[in-house]
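# Report on the structure
These are the residues of each chain, in order.
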Amino acid sequence: MRQEDLMSAAEDTADQFLRVTKQYLPHVARLCLISTFLEDGIRMWFQWSEQRDYIEATWSCGNFLAAGFVLLNLIGQIGGCVLVLSRNRVQYACVGLFGIIALQTVAYSILWDLKFFMRNLALGGGLLLLLAESRSEGKSMFAGVPSMGQSSPKQYMQLGGRVLLVLMFMTLLHFDSSFFSILQNMVGTALIVLVAVGFKTKLAALTLVLWLLAINVYFNAFWTVPSYKPMHDYLKYDFFQTLSVIGGLLLVVALGPGGVSMDEKKKEW
């Protein structure tokens, strides 16, 4: 009974948080979610020569194509962020940002690095949730095309977004025998399973937000490393990618799990 009381109190606290922040939470979530694209687009501007030379050396594609790649990344990411924040043509912005993720995955050989590949997939999950949020209830993505259960695409976007988001936490698991690591792995795994299946979703997602925020500030404190050191850029990249996943989780908190979830099915029982 004591455990049920604690769970009930935690859910009440989460509900109170949502009531207080419901007007601001979606805006904060969107800003966090696009932060990695915004930072990377700005970096393309300030590190134009370095990025162009890297692509040219890696792919032997010539100066013109390498410069085109950097320009496409700069315009695509900055433009997509502006559209998302202005709530204008968000669906087109999300498709463009999906394209940027795919392009960078190939260009920077992320496809062969499991950790970074999973984080890119998690970032894609955040974009799926953003796409679901921008989708008007009861409208088809393809005007004039009849469909049964028109809200279903949105629900499956939310499901796909939730499942992809939890991949971020799989990269944070530590496989050693220390008590702290075992405890962290057990708690973290339980929470990501809850988010993935959509059970106690808002509470689990909010808990993950707090946990991931603490980990991000502690382990990815790029501001403590001099800017001329390579570790500065590595930590900065990791920090903003993690912040984007936090934004996706905040969208889960703001929107709920959607129709394809245990929380929704409980209402039918």
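Details of the structure are given in the entry above.
Now for a look at the structure at hand. Fair warning: this is a prediction, and the values are worked out from it, not measured in the lab.

## Describing the layout of surface pockets
- By volume, the largest pocket amounts to about 480 Å³.
- Taken together, the elements giving at least two residues each to the lining of the largest pocket come down to α2 (25–46), α3 (48–59) and α11 (230–255).
- Looking at the lining of the largest pocket element by element, the count peaks at 4 residues for α11.
- Residue composition of the lining of the largest pocket, by class: 6 nonpolar, 4 polar and 6 charged.

## Concerning empty space enclosed by the protein
- One pass over the full model with this rule turns up 1 cavity of 30 Å³ or more.
- Approximately 90 Å³ is the volume attributed to the largest cavity.
- Along the walls of the largest cavity sit Thr36, Phe37, Glu39, Asp40, Gln77, Ile101, Gln104, Asn120, Leu123, Tyr237 and Gln241, which together make up its complete lining.
- Classifying every residue of the lining of the largest cavity by side-chain character gives 4 nonpolar, 5 polar and 2 charged.

## With respect to α3
- The terminal C-alpha atoms of α3, which comprises 12 residues, lie 17 Å apart, in line with the 16 Å expected from a rise of 1.5 Å per residue.
- Buried within α3 we find Gln51, Arg52 and Ile55. One side of α3 carries all its buried residues, which in axial view fall inside an arc of 100 degrees.
- Check the buried side of α3 and you find it contacts α2, α4 (62–86) and α5 (90–107).

## Some points on the packing of aromatic side chains
- Tallied over the entire structure, the rule returns 10 aromatic pairs.
- Ring plane angle 80 degrees and centroid distance 6.1 Å describe the contact between Phe116 and Tyr234, whose orientation is recorded as edge-to-face. Residue Phe116 is located in helix α6 (residues 114–134), and its partner Tyr234 is located in helix α11; the two are separated by 118 residues in the primary sequence.
- A network of ring pairs unites the aromatic residues Phe222, Trp223, Phe239 and Phe240 as a single cluster.
- One residue, Lys115, lies across the ring of Phe116, its end atom 5.9 Å from the ring centre.

Quick notes on the rules
Within each chain, residue numbers correspond to sequence positions counted from 1 in written order. Selection of residues for local features in this predicted model requires a pLDDT of at least 70, selection of side-chain atom pairs for listing and counting requires 80 or more, and totals for whole chains, interfaces and linings are taken over all residues. The side-chain quantities take in all heavy atoms of the structure and omit both hydrogens and water. Grid points spaced at 1 Å and placed over the protein atoms alone form the basis of the search, with a cavity being a set where a 1.4 Å probe fits but cannot get out and a pocket an open set showing protein on both sides within 12 Å along at least five of seven lines. Lining residues have an atom within 4 Å of a point. Grid points are joined across faces, edges and corners, and a volume is the space filled by probe spheres set on the points. Helix and strand assignments come from DSSP, with helices taken as H or I runs of at least 4 residues and strands as E runs of at least 2, each series counted from the N terminus. Residues were grouped as follows: Ala, Val, Leu, Ile, Met, Phe, Trp, Tyr, Cys and Pro as nonpolar; Asp, Glu, Lys and Arg as charged; and all remaining residues, including Gly, as polar. Here, expected helix span is obtained from the residue count minus one, scaled by 1.5 Å. In this scheme, a residue with accessible area under 20% of its type's maximum is buried, one over 50% is exposed, and one in between is partly exposed, where area comes from a 1.4 Å probe on protein chains only. Working definition: the arc comes from the directions between the helix axis and the C-beta atoms, pointing outward to the latter. We call two residues contacting when some pair of their heavy atoms lies within 4.5 Å. Geometry of aromatic contacts follows a simple scheme: Phe, Tyr and Trp rings, the Trp one being its six-membered ring, pair when their centres are within 6.5 Å, and the pair is stacked under 30 degrees between planes, edge-to-face over 60, tilted otherwise. We call a charge positioned over a ring when the NZ of a Lys or the CZ of an Arg lies within 6 Å of the ring centre and within 35 degrees of the ring normal.

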